[in-house]
Amino acid sequence: MRIFPSALLILLLLPFAWSTEPVRARRGMVVSTDVIASKVGVEVLKNGGNAVDAAVAVGFALAVTHPAAGNLGGGGFMLIRHADGRDTFLDFREMAPSSAHRDMYLAKANSGAIQSDYQGRQMQIELNESLVGWRASGVPGTVRGLELASSKYGRKPWKDLLAPAVKLAKGGFRVDYTLAESLKSSTALLGRFPESKRIFLRDGQYYDAGETLRQPELAAVLERIAEQGARDFYEGETARLLAAGMKRNGGEITLNDLKRYRAVERQPLRAEYKGYTVITAPPPSSGGVGILEMLGMLEGSGYEKGGFNAASTWHYLAEVMRRSYADRSEFLADPDFYRVPLGRLLDKGYLAARRSTIDRDKASRSEEIRPGIAPGYESMETTHFSVVDRDGNAVAVTYTLNGSYGSGVTVPGAGFLLNNEMDDFATRPGQANMFGLVQGEANKVEPGKRPLSSMTPTIVVKDGKLSMVAGAPGGGRIINAVLQALLNVIDFGMNAQQAVDAPRIHHQWMPDRLSVESGVSPDTVALLKRMGHDVVRIDTVGRLQLIVVNGEWLEGGSNSIPHGGAAGY
Ligand code: GLY
């Protein structure tokens with residue numbers, strides 16, 4: 001077993017008995033939130049597909065089996081590292097339609113109380129048009145993104161990658177308890193839109209665990225995409241259905257917007273941490289910059305000396321998070337519209353100066369760190385999957401509808417839900433949002449722009465060899481979740497399942513509050529409070545999907561319980 005020397009002592013000091021085991025396999029591994037989708041990926045790998053092929057097939061399968069976040073009507077990011085060391089980043093984030101403008105959501109904001117969180121529970125949110133209904137959607141990017149990945153980096157025929165999703169949509173799949181409960185608890189959102197109500201709520205005859213969910217309209221769309229490629233979604237019958245629905249219901253997306261949508265390839269960000277190379281998401285994600293800033297502040301700090309789950313460790317991590325998130329939304333946005341000061345944010349001198357302001361015994365006050373602009377609300381619902389193939393190619397994909405079940409709108413005749421990604425823009429720049437946070441000009445709505453994201457697909461390499469593939473859902477918490485997965489393996493010697501099961505914390509600068517999962521003990525919380533932290537309990541800081549390469553073994557760790565998981569062969 002790989003145990004890093006510096007971590008051995010710490011491991012012995014762990015306050016828990018870490019008994020959880022990852023899924024282990026030698027040739028290939030897929031981790032996703034849904035084991036049906038993970039198995040689809042493994043079959044592709046077994047049949048000669050590479051990691052990109054498997055990721056594309058998993059992406060389409062999740063669009064069927066995980067309607068809360070798996071999608072055709074959303075967008076995301078794919079990070080690829082080839083076994084020969086080349087890497088690339090595919091940005092298929094949604095784009096604001098051409099009619100979009102800075103103040104488009106000001107006039108019609110109104111209050112309401114709907115939406116369900118990542119576990120499908122009802123949550124009070126302000127109801128406005130950037131969150132719910134036809135005007136909430138950016139131009140979807142997923143189908144273009146998956147096609148770009150497959151055509152440039154895959155080797156299996158496109159049709160073969162869609163076939164499992166077609167089968168799942170047409171023949172149906174077994175609804176499990178989690179999905180049944182999630183659908184039921186999303187009634188307030190899905191019930192507003194007749195097509196969503198019919199398909200996902202069965203007009204009030206809710207699906208129970210064990211029943212079969214069939215989606216014939218979605219199957220027809222997938223079949224057309226299999227035949228005609230992304231052209232169907234952006235210029236063909238599916239595009240017409242989407243644009244017609246928009247027109248009838250006061251939405252913004254036109255046929256022309258769909259036709260103009262492009263997935264783009266960008267250079268991933270990278271930096272060293274303790275001899276590991278961390279390859280991660282560039283803007284329009286804020287996640288990669290966040291991870292690298294935080295690792296830059298942590299390196300050499302000795303933050304881990306107290307051991308995992310010690311108050312001193314959490315305190316230092318919280319201070320690093322506070323400083324990174326303070327930078328986040330003032331300086332980050334779509335790089336095609338805003339000059340992101342990457343060099344400055346990742347400069348070693350800057351990070352050392354940032355680190356020097358941390359007091360090891362006392363919490364800073366966020367308002368003293370830097371006058372800046374805090375991140376806005378981001379939904380907890382998104383989904384991540386990671387794939388490694390037998391040659392060592394690795395793919396990390398995070399994609400999303402933004403909120404759970406997105407805007408709540410299902411495109412009539414097409415059976416897929418649309419995103420509410422417009423809410424990831426600063427929809428009311430300069431004004432406090434529902435959490436009393438003020439959002440920034442850099443991320444204001446502009447036509448053709450991509451909203452700032454926290455999605456952080458990340459790959460780690462050691463001595464030129466693949467070491468980890470990581471990612472998570474969780475809105476603004478994603479960045480901290482991925483950071484802690486990396487630290488748990490590198491600094492605390494955990495295996496993949498331990499690393500995702502271990503308790504996590506979250507600090508996002510504003511509000512000045514330290515959120516901790518239940519595995520942080522009451523004694524530790526008391527110590528953190530004594531240091532000056534305002535500590536609150538939360539259920540989860542992102543649900544991680546992690547692959548760790550451990551010698552000849554691939555370890556799959558998944559936070560998705562009970563139905564999620566890792567599958568290998
Ligand atoms: N919609 C969540 C994110 O992109 O961060």
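Computed from a predicted structure; not experimentally measured. (Residues numbered from 1 in each chain as written. Predicted model: local features only at pLDDT ≥ 70, side-chain atom pairs only at ≥ 80, totals over all residues. Heavy atoms only, no water.)

Colleague: How should I be thinking about the sheet that holds strand β14 (residues 505–506) in this particular structure?
Modeller: Either a parallel or an antiparallel arrangement is found when strands of a sheet pair, and the pairing is made through backbone hydrogen bonds. Here we have 3 strands laid out as an open sheet, ordered β14-β15-β16, and mixed in their pairing. Where the open sheet ends on each side, the last strands, each with one partner, are β14 and β16 (535–537). Sheet topology note: the strand β15 (residues 514–516)/β16 ladder contains 3 bridges and is parallel. Paired with Ser515 across the bridge in β16 is Val536. Along the sheet, helix α20 (residues 522–530) contacts β15 and β16; its crossing angle with β16, the most-contacted strand, is approximately 150°. (Pairing = 2+ DSSP bridges. Helix = DSSP H or I, 4+ residues; strand = E, 2+ residues; numbered from the N terminus. Contact = heavy atoms within 4.5 Å. Axes fitted to C-alpha atoms, helices over the stretch in contact; angles between N-to-C directions.)

Colleague: What am I meant to see in the confidence of the model for the protein chain here?
Modeller: Detailed reading of the predicted coordinates is not advisable wherever pLDDT falls low. For the protein chain, the average pLDDT comes to 90, and 88% of its residues sit at 70 or higher. Below a pLDDT of 50 lies the segment residues 1–18, which in the model reaches 34 contacts outside its immediate sequence neighbourhood of four places, other chains included. Per-residue pLDDT stays below 50 along residues 371–378; that stretch engages in 39 contacts with residues further than four places along the chain or on separate chains. (pLDDT = per-residue confidence, 0-100.)

Colleague: I tried to follow the sheet that holds strand β1 (residues 23–25) on my own but got confused; where do I start?
Modeller: In space, the 7 strands of this open sheet follow the order β1-β18-β17-β13-β12-β9-β8, with antiparallel pairing throughout. Strands with a single pairing partner mark the edges of an open sheet, and in this sheet they are β1 and β8 (269–273). Direction aside, the axes of adjacent strands within the sheet are offset by 20° on average. Where strand β13 (residues 465–471) and strand β17 (residues 545–550) come together, 4 bridges link them in antiparallel fashion. The residue of β17 that forms the bridge with Met468 is Val548. Along the sheet face, helix α13 (residues 287–298) touches β8 and β9 (276–280) and points at about 20° away from the line of β8. Where helix α18 (residues 478–490) meets the sheet, it contacts β8, β9, β12 (458–462), β13 and β17, and its direction lies at approximately 145° from that of β13.

Colleague: When you look at the pattern of salt bridges in this model, what are you seeing that I'm missing?
Modeller: Between side chains of opposite charge, pairing is possible as soon as their charged atoms come close. If you walk through the whole model with that rule in mind, you get 37 salt bridges. Between Glu223 and Lys170 there is a salt bridge; the shortest N-O distance is 2.6 Å. Remark: Lys170 occurs in helix α5 (residues 158–171) and Glu223 occurs in helix α9 (residues 216–228); sequence separation between them is 53 residues. Under the relative-accessibility criterion, Lys170 is labelled partly exposed at 47%. (Salt bridge = Lys/Arg side-chain N within 4 Å of Asp/Glu carboxyl O. Buried < 20%, exposed > 50% of the residue type's maximum accessible area, 1.4 Å probe, protein only.)

Colleague: I'm lost on the pairing of strand β3 (residues 75–81) in this one. Help?
Modeller: Residues in a regular strand point their side chains to alternate faces of the sheet. Along β3, 7 of the 7 residues are buried, which leaves the element largely enclosed by surrounding structure. In the sheet, β3 pairs with strand β11 (residues 394–400) via 7 bridges, with the strands oriented antiparallel. Looking at the pairing, Gly75 lines up with Thr400 of β11. With 6 bridges connecting them, β3 and strand β4 (residues 87–92) associate as antiparallel partners. For Met78, the partnering residue across the bridge sits in β4 and is Leu90. Hairpin connection between β3 and β4: a loop of 5 residues separates the two successive antiparallel strands, and Gly85 in this loop has a positive phi of roughly 100°.

Colleague: Looking at this structure, I do not really get the packing of α13 against helix α16 (residues 348–356). What am I missing?
Modeller: Axes are the key here: two packed helices are described by the angle between their axes and the distance separating the axes. As a packed pair, α13 and α16 sit with axes 8 Å apart at the nearest point and diverge in direction by 65°. Here α13 and α16 pass one another in a crossing that is right-handed. Between α13, through Leu292, Glu293, Gly296 and Met297, and α16, the contact on the second element is made entirely by Tyr350, Leu351, Arg354 and Arg355. Across the contact of α13 with α16, the residue classes tally to 4 nonpolar, 1 polar and 3 charged. (Left-handed = near helix turned anticlockwise from the far one by under 90°. Nonpolar A, V, L, I, M, F, W, Y, C, P; charged D, E, K, R; others polar.)

Colleague: Could you clarify how one ought to interpret the nonpolar core in this entry?
Modeller: It is characteristic of soluble globular proteins that their nonpolar side chains tend to be buried jointly. Counting residues in hydrophobic clusters, the biggest one holds 84 residues, and the most contacted among them are Phe60, Leu72, Met78, Leu222, Ile225, Leu242 and Phe416. Those residues within four positions of Phe60 in sequence are excluded, and the remaining contacts are Leu72, Leu146, Trp158, Leu162, Ala165, Leu222 and Ile225. (Core = buried A, V, L, I, M, F, W, Y, C linked by side-chain atoms within 4.5 Å.)

Colleague: What should I look at first to understand the side chain of Ser407 in this one?
Modeller: Mapped onto the elements, Ser407 comes out in the loop between β11 and β12. Within the structure, the side chain of Ser407 is placed 3.2 Å from the backbone nitrogen of Val409, a separation counted as a polar contact. (Polar contact = N/O pair within 3.5 Å; in protein donor to acceptor, adjacent residues only side chain to side chain.)

Colleague: What exactly am I supposed to notice about the packing of aromatic side chains here?
Modeller: Two aromatic rings, taken as a pair, are described by how far apart their centres are and by the angle between their planes. According to the stated counting rule, one finds 9 aromatic pairs in the structure shown. For the pair Phe60 and Trp158, a centre-to-centre distance of 5.5 Å together with 80° between the ring planes defines the contact as edge-to-face. Placement of the pair is Phe60 in helix α3 (residues 51–65) and Trp158 in helix α5, with a sequence separation of 98 residues. Like Trp158, Phe60 is buried. Measuring from centroid to centroid gives 5.9 Å for Tyr234 and Tyr261, while their planes differ by 15°, and the two rings are stacked. (Phe/Tyr/Trp six-rings, centres within 6.5 Å; stacked < 30°, edge-to-face > 60°.)

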